[in-house]
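# Observations on the three-dimensional arrangement
Chain residues, written in single-letter form:
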Amino acid sequence: QRAHRCLNPCTLKRCTALATARCQATMAETTRSTSQVGQTFTPLAVEIKGKAPARSNWEEWMVNLRGEDAWLASPRELSWYTGKTPLPGVCPGVSENGTIHALPMPNLDKVTRKQTQDYFDNSWTMVEVLFAGFRGEEPFYRPPVHGLRHPQIFYYGHTPCLYVNKLRVAGVLKEPVDAYMESIFEVGVDEMLWDDMHKNDMVWPKVKEVQEYRRQVYKIVSDVIATHSGLEGEARITWDHPLWSIFMGIEHEAIHLETSSVLFRETPIHLMQVPAGWPQLHPSCASSASVPKDIPENTMVKVKGETVKLGKPRDFPTYGWDNEYGQRMVEVPDFEASKYMVSNGDFWQFVAAGGYRTQNYWSEDGWNWRKFRNMKWPFFWVQDGPQGSMQFKLRTIFEEIDMQWSWPVDVNYHEAKAYCAWKSEQDGRQGTEAYRVITEAEHHLIRHPEARPEKMVAVRDDPALRLGGMDFPTGASANSNLAFASQSPVDAMPASPTGHHDAMGNAWEWTEDHFNPLENFEVHYTYDDFSMPCFDGRHHMIMGGSFASKSDNGASGFCRFHFRPHFLQHSGFRLVSSNSPAPARHLEQLNMQGEATADAAVSTSAAGTGAAVAGHAGYETQRLVDQYLGLHFPASGANEVDPILSHPNAPEHALRFPQRVAQLLLEVLPSSGRVLDIGCAVGGSSFELAAAGHEVLGVDFSQAFIDAAERMRKGEA
């Protein structure tokens, strides 16, 4: 098969479609009627409610607009759904009024086929209800405004793809469902740099094609649930069981239900519609005021320090991600934490005082992010008056509503820390007593007892295992598990015994901790890169879940999640102060961007040329040059030191990988010729091919890598 050098037919088809569509779209008039028969290009913005802006420019992603508006621009028919339709008595979790809510997590010590199918159906249909909120084909393909995620067509296909791929790794499935789909939808993106804007230049499948793929995957997963011997009777599904991958797929779907809802919230409003069956906004949304008033006074409440135990027991009978398992004991000194999360009304004071214009409140990386994005207020605030009026509406997932000043503000870590600096100045707090955000261990101390892992020893102790979305506000004192489709006032839910509201639910809380492994951490064999790549000192933990968090994606007290500090989630923060250093876990930061990046790189990124920064700034350190030299040339020179210290599971298979790839290529190349090595790094493949008689040009974004290879080529190293 190595000698078979023809293009994959699917790839060839899509390359042809790209060229054809570009030609057609470039020649098309954007005023062409959207109802024209045989149309191959639709205008960028479909006119809906008279709000769509006129557009005449061409952008690369528009090649994907291929006339699917006819069936996507109106409320979805039941044929939209590839699994159970969201009707009472048909889909589990749909109430008598037709609203879908999350089901409780299943007890994996004794789970039946029906419980598994119901849990799968509820999750699968909930995602499709969410995607029914897109009006027209454009929102499926339009890249998010920040350019840091794939377009939503990817996520529409990504969750079914993961079911297939993980079931294959677990040995449950032997063959792909659609190899092409499972290639392009396999790997998402981690928004490592806030100006890495180049992820979406490709021709994606049509929505109809992905819908059909989803239909196939739904049937195959349902067949596995119905026939696999591992679900006979009341089955016990553990970490090592092959059907752990089924529940992995469902919990992965919960993650993307929420992250996609954030991307929906960032999508232009004229491209949205409220889908039938989606939960209602919290009833408090009926209130309105042009300026903040009646905001709960956010006093600081003292918390007695104690020893906190982190980690989920291996034998707890619910699904868990790898980073939840293990243990750590953390000594937490006395501290103060604000009674409520910081509300929109609280944060308005910071905005009105010029907080977004005052560099002193921001970290270096935070200020560069703010300048790059030209942020003047939180992203989900929508200006509702002339510049400087400080009047705003609030964007929810599908709607713009009157500003809800008592709801928690949605901000990223940079914005939260800037507010802390401003508020510290206002209140005269300095040193360790200056305001900061909470830590993971401190967060455990302000929760209701049933959300503290050391107290969750039985099935009855985990609300996510007992309660569905409709019952969460009353049964768990939390706006979570999609009980509502929005946040609620910061004082709406009962306080914990320490006097704090919303420690669980409503909005995630940013923490000072870097995402980190607990002692005895181990990866799962079917998903070895779920957590490990993010133990990099550049991801901050978020705790407590949000209104959109369900199951093991925030509704359970065992959850440990993370995002980059510039990333926007349904996330906020509360103020914390202490006389002692914060009991946070910090990891060494890789030199990617911000305070540790060269001034030239920062100035370049601030100027907006993010591709250059994303391409090379993280690879200019001697440390990374040395690591790549060890990978490419593990045996070179005198007085050698082994590049990898021997230990069980050491990745010795990675050594000389570039040379082994070159040897495979040599089997199909002619005996001589010219080769272009794109992304050559320090030249392992390039030198191997040159030694075989080829003329090789190696290209890489990193000047440091090229310099190292040049020194070797000249015999200087």
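Residues numbered from 1 in each chain as written. Predicted model: local features only at pLDDT ≥ 70, side-chain atom pairs only at ≥ 80, totals over all residues. Heavy atoms only, no water.

When helices and strands are counted, the protein shows 20 helices and 14 strands. Relative to its 717 residues, the protein shows a buried fraction of 58%. The long-range fraction of contacts in the protein, counting pairs at least 24 apart against all pairs at least 6 apart in sequence, stands at 76%. Taken as a whole, the protein presents about 29900 Å² of accessible surface, with 52% of it coming from carbon and sulfur. (Helix = DSSP H or I, 4+ residues; strand = E, 2+ residues; numbered from the N terminus. Buried < 20%, exposed > 50% of the residue type's maximum accessible area, 1.4 Å probe, protein only. Contact = heavy atoms within 4.5 Å. Areas by Shrake-Rupley, 256 points an atom, 1.4 Å probe, with all protein chains shown as cover.)

A few words on the nonpolar core. Among the nonpolar cores identified, the biggest contains 136 residues, and Phe131, Phe140, Trp278, Phe347, Trp381 and Phe573 are the most heavily contacted of them. With 10 residues, helix H8 (residues 244–265) is the single largest residue contributor to this core. Filtering out sequence-adjacent residues up to four positions away, Phe573 remains in contact with Met341, Val342, Phe347, Val409, Val411, Ala416, Tyr419, Cys420, Val437 and Trp508. Judged by nonpolar contacts, the second largest core, of 14 residues, contains Ile438, Ile446, Ala503 and Leu518. (Core = buried A, V, L, I, M, F, W, Y, C linked by side-chain atoms within 4.5 Å.)

Strand order in the open sheet formed by 3 strands is S1-S4-S12, and the pairing between neighbours is antiparallel. Each edge of the sheet is formed by a strand with only one pairing partner; in this case those strands are strand S1 (300–303) and strand S12 (576–577). (Pairing = 2+ DSSP bridges.)

Now for a nonpolar patch on the surface. A cluster of nonpolar side chains, contributed by Leu676, Ile678, Leu697 and Val699, occupies part of the molecular surface with about 400 Å² of accessible area. Only strand S13 (674–678) and strand S14 (695–699) provide two or more residues apiece to the nonpolar patch. When you line up the elements, Leu697 lands in strand S14. (Patch = residues over 30% accessible without salt bridge, like charges linked within 9 Å, V, L, I, M, F, W, Y side chains within 5 Å. Salt bridge = Lys/Arg side-chain N within 4 Å of Asp/Glu carboxyl O.)

With that settled, the discussion passes to the pairing of S14. Here S13 pairs with S14 via 5 bridges, running parallel. Bridging from a neighbouring strand, Arg674 pairs with Glu695 of S14. At this point the chain moves from S13, through helix H19 (residues 684–691), to the parallel S14, and the crossover so formed is right-handed. (Right-handed = clockwise from strand over helix to strand, strands pointing away.)

What follows covers the packing of aromatic side chains. This structure, assessed with the given rule, holds 55 aromatic pairs. The interplanar angle of 50° and the centroid separation of 5.8 Å between the aromatic rings of Trp71 and Trp80 together place this pair among those described as tilted. Note on Trp80: relative accessible area 1%, which makes it buried. The aromatic ring of Trp80 is capped on one face by Arg76, whose charged end is 4.5 Å from the ring centroid. (Phe/Tyr/Trp six-rings, centres within 6.5 Å; stacked < 30°, edge-to-face > 60°. Lys NZ or Arg CZ within 6 Å of the ring centre and 35° of its normal.)

Right, let's get into unusual backbone geometry. A positive phi angle, close to 55°, is found at Asn374, a residue other than glycine. You can see Asn374 is positioned in the loop between helix H10 (364–373) and strand S5 (381–383). Phi is positive for Asn506, close to 75°, though the residue is something other than glycine. Counting through the fold element by element, Asn506 comes out in the loop between helix H14 (472–475) and strand S8 (508–514).

So, about helix H17 (residues 622–632). Inspection of H17 places Leu624, Val625, Gly630 and His632 among the buried residues, and these make up the whole buried set. Close packing links the buried residues of H17 with helix H18 (657–666), H19 and helix H20 (703–713).

A few words on the sheet that holds strand S6 (residues 392–395). In a beta sheet, neighbouring strands pair by backbone hydrogen bonds and run either parallel or antiparallel. Across the sheet, 3 strands lie side by side as S5-S6-S7; this open sheet has antiparallel pairing. Two strands close off the open sheet at either side, each with one partner strand: S5 and strand S7 (400–402). Taking the axes of each pair of neighbouring strands and ignoring which way they run, one obtains an average angle of 45° across the sheet. Across 3 bridges, the pairing between S5 and S6 is antiparallel. Note that in S6 the partner of Gln383 across the bridge is Phe392. Where helix H9 (residues 344–352) meets the sheet, its contacts fall on S5 and S6, and the angle it forms with S5 comes to roughly 55°. (Axes fitted to C-alpha atoms, helices over the stretch in contact; angles between N-to-C directions.)

It is at 10 Å that the axes of H17 and H20 come closest, and there the two elements cross at 50°. One finds that H17 runs oblique with respect to H20. Every pair of crossing elements has a handedness; the one defined by H17 and H20 is right-handed. Facing H17, whose interface residues are Leu624, Val625, Tyr628 and Leu629, H20 presents Ala704, Phe705, Ala708 and Met712. Looking at side-chain class alone, the contact of H17 with H20 contains 8 nonpolar, no polar and no charged residues. (Parallel < 35°, antiparallel > 145°, perpendicular 65-115°, else oblique. Left-handed = near helix turned anticlockwise from the far one by under 90°. Nonpolar A, V, L, I, M, F, W, Y, C, P; charged D, E, K, R; others polar.)

So, about the environment of Gly233. Within the secondary structure layout, Gly233 lies in the loop between helix H7 (207–227) and H8. Looking at Gly233, the relative accessible area reads 51%, which means it is exposed. Placed 123 residues apart in sequence, Gly233 and Lys110 show a C-alpha to C-alpha distance of 8.4 Å. Sequence-distant contacts of Gly233, that is, excluding residues within four places in its chain, are made with Val111 and Thr112.

Right, let's get into the confidence of the model for the protein. Here the protein averages 85 in pLDDT, and 84% of its residues register 70 or above. Across residues 1–54, confidence stays below pLDDT 50; counting only partners more than four residues off in sequence or on other chains, it has 68 contacts. A low-confidence stretch, residues 591–617 (pLDDT under 50), is modelled with 52 contacts involving residues beyond four sequence positions or located in other chains. (pLDDT = per-residue confidence, 0-100.)

Okay, the pattern of salt bridges next. The tally for this structure, following the rule as stated, stands at 26 salt bridges. Arg560 is paired through a salt bridge with Glu440; the nearest N and O atoms lie 2.7 Å apart. Separated by 120 residues along the polypeptide, Arg560 in the loop between strand S9 (540–543) and strand S10 (561–563) and Glu440 in helix H12 (residues 440–445) bring together distant segments of the chain. Taken as a pair, Arg560 and Glu440 share a single burial class, namely buried. Within the structure, one salt-bridge network assembled from shared partners comprises Lys302, Glu336 and Arg429.

It is worth spelling out the environment of Pro160 at this point. The topology assignment puts Pro160 in helix H5 (residues 152–169). When neighbours within four sequence positions are excluded, Pro160 is seen to be in contact with Trp124, Tyr213, Arg214 and Val217.

Two elements in contact, H18 and H19, have axes separated by 8 Å at closest approach and are oriented at 40°. Comparing their axes, H19 and H18 come out oblique. Seen from above, H18 lies across H19 with right-handed handedness. Touching Pro658, Gln659, Ala662, Gln663, Leu665 and Leu666 of H18 are Gly684, Ser685, Glu688 and Leu689, all from H19. Class assignment of the residues belonging to the contact of H18 with H19 gives a composition of 5 nonpolar, 4 polar and 1 charged.

Turning our attention to the side chain of Lys312. On the secondary structure map, Lys312 appears in the loop between strand S2 (307–310) and strand S3 (328–331). When its relative accessible area of 2% is taken as the criterion, Lys312 is described as buried. Reaching out from Lys312, the side chain makes a polar contact with the backbone oxygen of Tyr319 at a distance of 2.9 Å. Beyond its immediate stretch of four places on either side in the chain, Lys312 contacts Thr318, Tyr319, Gly320, Glu324, Tyr325, Gly326, Asp552 and Phe558. (Polar contact = N/O pair within 3.5 Å; in protein donor to acceptor, adjacent residues only side chain to side chain.)

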